[in-house]
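# Fold and contact review
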Amino acid sequence: MTSHETLGVAVIGTGRMGADHVRRIDEVISGARVAAVVDIDADRIKRLADGIAGCTPYTDPAAAMDDPAVDAVLIASPGPAHEAALLDAFARDLPVLCEKPLTPDAASALRVLEAEQALGHRRVQVGFMRRYDADYRSLKSLLEQGTYGRPLMLHNKHRNADTPPGFTNAMMINDSVVHEIDVTRWLLEEEITAVRVLRPAPTGNAPEGLSDPQLILFETAGGQVVDTELFVNCGFGYQVSCEAVCEGGTARIGDDHGVFSNAAGRWGGVVPPGFVERFEEAYDRQVQRWVNATRRGETEGPSCWDGYAAAAVCEAGVRAQTTGERVTVELIERPALYR
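Here's what I pulled together on the structure shown here.

What counts, and at which threshold
- Residues numbered from 1 in each chain as written.
- Predicted model: local features only at pLDDT ≥ 70, side-chain atom pairs only at ≥ 80, totals over all residues.
- Heavy atoms only, no water.
- Pairing = 2+ DSSP bridges.
- Helix = DSSP H or I, 4+ residues; strand = E, 2+ residues; numbered from the N terminus.
- Axes fitted to C-alpha atoms, helices over the stretch in contact; angles between N-to-C directions.
- Contact = heavy atoms within 4.5 Å.
- Nonpolar A, V, L, I, M, F, W, Y, C, P; charged D, E, K, R; others polar.
- Phe/Tyr/Trp six-rings, centres within 6.5 Å; stacked < 30°, edge-to-face > 60°.
- Buried < 20%, exposed > 50% of the residue type's maximum accessible area, 1.4 Å probe, protein only.
- Lys NZ or Arg CZ within 6 Å of the ring centre and 35° of its normal.
- 1 Å grid on protein atoms, 1.4 Å probe; cavity = no way out; pocket = protein on both sides within 12 Å on 5 of 7 lines; lining within 4 Å.
- Points joined across faces, edges and corners; volume = space filled by probe spheres on them.
- Core = buried A, V, L, I, M, F, W, Y, C linked by side-chain atoms within 4.5 Å.
- Domains from an automatic or database assignment.

## Considering the sheet that holds strand β8 (residues 192-198)
Paired through backbone hydrogen bonds, the strands of a sheet run either parallel or antiparallel to each other. One open sheet holds the 7 strands; their spatial order is β12-β11-β7-β10-β9-β8-β15, and the pairing between them is mixed. If you trace the sheet from one side to the other, it starts and ends with β12 (249-253) and β15 (327-328), each paired once. In the sheet, β8 pairs with β15 via 2 bridges, with the strands oriented antiparallel. Bridge pairing in β15 links V195 to V327.

## Concerning the packing of helix α6 (residues 134-145) against helix α7 (residues 169-188)
Packing of α6 against α7 leaves a shortest axis separation of 9 Å and a crossing angle of 35°. Here Y136, R137, L139, K140 and L143 of α6 lie close against α7, whose contacting residues are V183, W186 and L187. For the contact of α6 with α7, the residue count by class is 6 nonpolar, no polar and 2 charged.

## A closer look at the packing of aromatic side chains
Per the counting criterion, the structure on display carries 2 aromatic pairs. Both rings, one in Y238 and one in F279, keep their centres 6.2 Å apart while their planes meet at 80°; by these two values the pair is edge-to-face. Of the two residues, Y238 is situated in the loop between β10 (225-231) and β11 (239-246) and F279 in the loop between α8 (275-278) and α9 (280-295); the sequence distance between them amounts to 41 residues. In this pair, the class of Y238 matches that of F279, namely buried. Sitting over the face of the ring of F279, R278 holds its NZ or CZ atom 4.3 Å from the ring centroid.

## Thoughts on unusual backbone geometry
A cis amide bond links K100 to the next residue, P101, at an omega of 0°. Here P101 shows up in the loop between β5 (96-99) and α5 (106-119). A cis amide bond links D212 to the next residue, P213, at an omega of 10°. Even without glycine at this site, E189 takes up a positive phi of about 55°. Considering the arrangement of structural elements, one finds E189 in the loop between α7 and β8. With relative accessibility at 55%, the residue E189 sits in the exposed group.

## Some words on empty space enclosed by the protein
On inspection of all chains with the given rule, the structure shows 1 cavity of 30 Å³ or more. Put simply, the largest cavity is a space of about 30 Å³. Along the walls of the largest cavity sit P95, R123, Q125, W290, A293, T294, E298, T299 and E300, which together make up its complete lining. Looking at which element gives the most residues to the lining of the largest cavity, the answer is α9, with 3 residues. Classifying every residue of the lining of the largest cavity gives 3 nonpolar, 3 polar and 3 charged.

## Re the nonpolar core
Within the largest apolar cluster, 78 residues are counted, with the highest numbers of intra-cluster contacts made by L102, V124, Y136, L187, V195 and F218. No other element matches helix α10 (residues 304-323), which puts 11 residues into this core. Formed jointly, this core draws a minimum of three residues from each of two domains, domain 1 (7-130 + 281-302) and domain 2 (134-276 + 310-338). Beyond its immediate chain neighbours, meaning those up to four positions away, F218 contacts V177, E180, I181, T184, I192, A194, V195, Q224, V225, V226, T228 and V313. Membership of the second largest hydrophobic core comes to 20 residues, among which are I29, V37, V287 and W290.

So this is what it looks like as structure tokens:
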């Protein structure tokens, strides 16, 4: 397609994230429209499609991809459904923005990576939205410019007010720390080679069986050490921060997001209630950048390699969490397509 044409997007999965992306494409960003919505809930997608001109509801992802109005695919379905949808998109050579995880495990992520390699060109951008957050981008720029010298350590905090029913210890890694896994690899431009997980005495606010908080330690190929405090039932809101400790100084983001005020004998700011509110602008920027690149005939952003590497580190993290031991990360050699 040409850069002057509007991109017709099929949104696959219309739960919390998918519905938010439908709204985003329909109301916020430019250059794209929602051409199709896909979900097993036929009533939900009919209601969504009825509110958007030229949008067709489908219960089958492949059928939506065969719609002539569809030029690209945004996958926001549950992780276990991603592989099949990605392979369907590859069969039609359609560009894809795939919400994380690429797939739920390293073996299936590797299959997707190999299928994309067989195309001979990239088609997938993985939805690691923190790379599009203004604060994280500023920190990345400082590190790239060498403003404070070589980075030696990262200190991360990742706190949620509470967890939904059924949240497990494995989800602490796969659904939460996966973001720190990706930003670690992105900020430091190094692969994570080993993981340890320490489990302090749990908060009384955690559901029975959930070990919360946890301290996750990464080692990188470049010798850096990264720690993440993960506290997903902190009770007071959603809080994310990252401090880079470098040879000539430190740089920290996340402490002062939003307005900081002094009034009526008190000082402070507002802690957002959840990740959607905290990273709303990052989601907008991510989807807009994907649309812009796709209209130019390009693919940018986090790749299938990034999705595969994150899945491999998550698997090592879950093993470390279970065993209490230091677990090494196993990765294949990075293919030329992703260098």
